[in-house]
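Spelled out from the first residue to the last, the chains are:
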Amino acid sequence: MTTLRVLIADDERPARQKLRRLLSHHADVGSVFEAATGTDALRLIAGERPDLVFLDIQMSGLTGIEVLRALPSDAAPHVIFVTAYDQYAVEAFDLAAVDYLLKPYDRERFERAWGRARDALRSRERREDLERALRLLSQGRAETVERLLVEDGGRTVFVPVREIERLEAERNYVLIHAPPHRYRMRVKIGAIEQRLDPRRFARLGRGLLVNLDRIVEMVPAGHGDADVRLTSGVRVRLSRRYRHRLDALRAAGEGAR
C-alpha cells in the first residue's frame, strides 16, 4: 500500500489537532507534518514534498494563497482549502483545489473531501488549474460580497448580505443574525468585515457589525454610549469608542424610516 505524506497548515492548534485525529482513521496516511504559519508551510512543502496539503487561507506570515503563489510549478501539491471564504473562493476551489472544508466541518464532510483527494491523487490534475484558481481568488478579494457561504446542519447555505441584521464575535466564531435565522461561522469578525461593503455595515463595538439599513433608532444611553434599535426589535449598544460612526448611523436611520 502506498502511503501518503500530508501537511496540515493552520495557525490554530485545535484545528490542526482535529485534522490529525481525522487522518488517523486512514491506514494509507503515512507521515503527517504541521505548520502554524504560512512561512513554515512553504518551507515544509519545499522540503518534505507532501502529496496533499490541508491549507488554511488566513494564516500569519504568509496567507495560504501567497504560499501557493510562491511554489514552483513542479512543487505544487494537491490542496484541500480549510476556509471560511465566500462564493468567490468556492468558484476557484471548483476549478483547482481538490476540495474545501468550510469551518466548522464534521467528520462526514471531511470524509467526502478525503475521498476526492484520493481520486485526485490518482489522476494527477494539472498545475494550470491551480493558477486559474489563484487568479479568481485575487479578483474576489478585491470586491465586496453579496452572499456569505455558511455550513448549516450539514448543508452549505448562501446567506444574502442584505438579509443580515448583525454579526457578533464569539471567540473564534461569528454569529450571523439574519432573522428569523441564525448561523455560526468559524472565522474572525475582522475577516468578514473586510468582505462587506463599509457603506452598508458599520462596527458598533469591538465584536459587533450592524447592517445600517436595519437600524430604526438610536437612544442616548449616557457616558457617550447609545442604544441602537434594529428592525427585529433587538437593541444593541453603540460604544463611545465608535462615536465617529454616529453621523453615518443617524443618516442611515433616517433613510430607513
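Residues numbered from 1 in each chain as written. Predicted model: local features only at pLDDT ≥ 70, side-chain atom pairs only at ≥ 80, totals over all residues. Heavy atoms only, no water.

Looking at this model, I keep getting lost on the environment of Phe33. Mind explaining?
By secondary structure assignment, the location of Phe33 is in strand S2 (residues 29-35). Assessed through its relative accessible area of 17%, Phe33 is described here as buried. Put simply, Phe33 and Val6 are 27 residues apart on the chain and 6.3 Å apart in space, counted from C-alpha to C-alpha. When near neighbours in sequence (up to four residues on either side) are disregarded, Phe33 contacts Arg5, Val6, Leu7, Ile8, Leu44 and Glu48. (Helix = DSSP H or I, 4+ residues; strand = E, 2+ residues; numbered from the N terminus. Buried < 20%, exposed > 50% of the residue type's maximum accessible area, 1.4 Å probe, protein only. Contact = heavy atoms within 4.5 Å.)

In this structure, what is going on with the side chain of Arg109? I would like to understand it.
Tracing the chain through its elements places Arg109 in helix H5 (residues 107-123). On the basis of relative accessible area, Arg109 is assigned to the buried category, the value being 9%. The contacts of Arg109, once residues within four sequence positions are left out, are Asp99, Tyr100, Leu101 and Glu151.

Would you explain the pairing of strand S9 (residues 173-178) in this entry?
Within a regular strand, side chains alternate between the sheet's two faces. Counting buried positions along S9 gives 6 out of 6 residues, so the element sits mostly inside the fold. Burial along S9 is two-sided: the face carrying Tyr173, Leu175 and His177 and the face carrying Val174, Ile176 and Ala178 are both buried. For strand S8 (residues 166-170) and S9, the ladder comprises 5 bridges, and the chain directions are antiparallel. Note that in S9 the partner of Ala169 across the bridge is Val174. Once S8 ends, the chain turns through 2 residues before running back antiparallel as S9, passing Arg171 with a positive phi of about 55°. Where S9 lies against strand S10 (residues 181-185), 5 bridges are found, and the strand directions are antiparallel. The partner of Ala178 across the bridge, within S10, is His181. Connecting S9 to the next strand, S10, in antiparallel fashion are 2 residues. (Pairing = 2+ DSSP bridges.)

It is not clear to me how the nonpolar core should be interpreted in this structure. Could you clarify?
Nonpolar side chains tend toward joint burial in soluble globular proteins. Membership of the largest hydrophobic core comes to 21 residues, with the highest contact counts inside it found for Leu19, Leu23, Phe54, Ile80, Leu101, Phe110 and Trp114. Going through the elements one at a time, strand S1 (4-9), helix H1 (13-23), S2, strand S3 (52-56), strand S4 (78-83) and H5 are the ones with two or more residues in this core. Here the element with the most residues in this core is H5; it accounts for 6 residues. Sequence-distant contacts of Leu23, defined by excluding residues within four places in its chain, comprise Val6, Ile8, Val29, Val32, Phe54, Phe110 and Trp114. (Core = buried A, V, L, I, M, F, W, Y, C linked by side-chain atoms within 4.5 Å.)

How should H1 be read in this particular structure?
Because an α-helix packs 3.6 residues into every turn, residues spaced three or four apart end up facing the same way. Considered for burial, the residues of H1 that qualify are Ala15, Arg16, Leu19, Leu22 and Leu23. One side of H1 carries all its buried residues, which in axial view fall inside an arc of 125°. Along H1, exposed side chains directed more than 90 degrees from the buried face belong to Arg13, Pro14 and Arg21. (Arc of directions from axis to C-beta.)

Hey, could you run me through the confidence of the model for the protein in this one?
Detailed reading of predicted coordinates is not advised where the pLDDT is low. Confidence along the protein averages 79 in pLDDT terms, with 75% of residues attaining 70 or more. Low pLDDT, under 50, characterises residues 251-257; the predicted model gives this stretch 7 contacts beyond four residues in sequence or across chains. (pLDDT = per-residue confidence, 0-100.)

Just checking my understanding: could you explain the sheet that holds S3 for this structure?
As a general point, the strands of a sheet are linked pairwise by backbone hydrogen bonds and lie either parallel or antiparallel. Reading across from one edge, S2-S1-S3-S4-S5 is the order of the 5 strands in this open sheet, with parallel pairing throughout. Each end of this open sheet is capped by a strand with a single partner; those strands are S2 and strand S5 (99-102). If you compare each strand with its neighbour and ignore which way they point, the axes differ by 20° on average. With 5 bridges joining them, S1 and S2 adopt parallel strand pairing. From the neighbouring strand, Ile8 faces S2, where its bridge partner is Glu34. The sheet contacts of H1 involve S1, S2, S3, S4 and S5, and relative to S2 the element is tilted by about 180°. Where helix H2 (residues 38-48) meets the sheet, it contacts S1, S2 and S3, and its direction lies at approximately 150° from that of S2. (Axes fitted to C-alpha atoms, helices over the stretch in contact; angles between N-to-C directions.)

Got a minute to help me understand the sheet that holds strand S15 (residues 235-238) in this structure?
The strand order across the open sheet built from 3 strands is S13-S14-S15, with neighbouring strands paired in antiparallel fashion. Both outer strands of the open sheet, strand S13 (215-222) and S15, are each paired with one neighbouring strand and no more. Strand-to-strand twist in this sheet, taken as the mean axis angle between neighbours without regard to direction, amounts to 30°. As paired strands, strand S14 (residues 225-230) and S15 are joined by 4 bridges and run antiparallel to one another. Counterpart to Asp227 in the pairing with S15 is Arg237.

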